[in-house]
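# A closer look at the structure
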Amino acid sequence: LLPAGLTAPNAAFSSPDKLKAHLTSALLDWAAEHLEIHRSWLDGVGDQPHLIEDHYKAVAGYRDWLAQRIEQVPLVHRFVHVWKPQGPAIGPDAFGPVCLVYEETSDGLDGAEFSRFWRLSDEWPLDHAPCVENMIAVVAIARSLGILVVGHELALDDLRRLTAGKALIPDLQRRRRGRWHPEDLVARVRHQSASSGPDRPVPV
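From a predicted model like this one, the values you see are computed outputs, not experimental measurements.

## Focus on the pattern of salt bridges
One pass over the structure, following the stated rule, counts ten salt bridges. Put simply, Asp-122 and Arg-119 hold a salt bridge, and the shortest N to O gap is 3.2 Å. With relative accessibility at 30%, the residue Asp-122 sits in the partly exposed group. Put simply, Asp-29, Arg-39 and Asp-43 are held in one network by salt bridges that share partners.

## A closer look at the packing of aromatic side chains
On inspection of all chains with the given rule, the structure shows four aromatic pairs. Taking 5.5 Å as the distance between ring centres and 45° as the angle between the ring planes, the aromatic pair formed by Tyr-102 and Trp-118 counts as tilted. Of this pair, Tyr-102 sits in strand S2 (residues 99-107) while Trp-118 sits in strand S3 (residues 113-119), and the two are 16 residues apart along the sequence. By relative accessible area, Tyr-102 is classed as buried at 0%. An aromatic cluster is defined as three or more aromatic residues linked by ring pairs; in this entry it consists of Trp-65, Tyr-102 and Trp-118.

## Points about the side chain of Thr-163
Locating Thr-163 in the fold gives a position in helix H6 (residues 156-163). Looking at Thr-163, its side chain comes within polar contact range of the main-chain oxygen of Arg-160, at 3.0 Å. Setting aside its immediate chain neighbours within four residues, Thr-163 contacts Gln-48, Pro-97, Cys-99, Arg-119 and Glu-123.

Parameters and conventions
- Residues numbered from 1 in each chain as written.
- Predicted model: local features only at pLDDT ≥ 70, side-chain atom pairs only at ≥ 80, totals over all residues.
- Heavy atoms only, no water.
- Salt bridge = Lys/Arg side-chain N within 4 Å of Asp/Glu carboxyl O.
- Buried < 20%, exposed > 50% of the residue type's maximum accessible area, 1.4 Å probe, protein only.
- Phe/Tyr/Trp six-rings, centres within 6.5 Å; stacked < 30°, edge-to-face > 60°.
- Helix = DSSP H or I, 4+ residues; strand = E, 2+ residues; numbered from the N terminus.
- Polar contact = N/O pair within 3.5 Å; in protein donor to acceptor, adjacent residues only side chain to side chain.
- Contact = heavy atoms within 4.5 Å.

Structure, rendered in structure tokens:
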């Protein structure tokens, strides 16, 4: 994977301690770009490892950004993951953060898949109605662009660690629990909007 000029002996990758001696600014720049993570986090001075593409209350920005990703990187599989805490369904009794994650998956080394991740939300509490409305809008936008939307549950502590920058998305992928269906919320909003008539729009 490494471009010419950034190669290192194979033995250097056998342990983190051995790799330290071969780390250079150019190598860290390449790693940050290739993995789509913050260079400042690799340097140990940034709090967040993952790039955050947050368009809270300006959801048209999600359509523009996702459409740009589709144009720039057409030959990948795309997912929008909606992670909520285990327990109550989305509604008046829900609490904790909802985390939206965008994933691009392509072929990796030796037949394995390789994924890059972006966070699409930042500190969105489920007991705050505008955050839920934004989440529903992102789901609708992703579906309209042909992006698969997948809902999962995680332990509340895991979601809080993610929003605080204390956990990596690939690690949390392995800790997901039961499935739920965010697209059901889109269908419910559309039904309510149709029932309310033109004088009572549903704000999504």
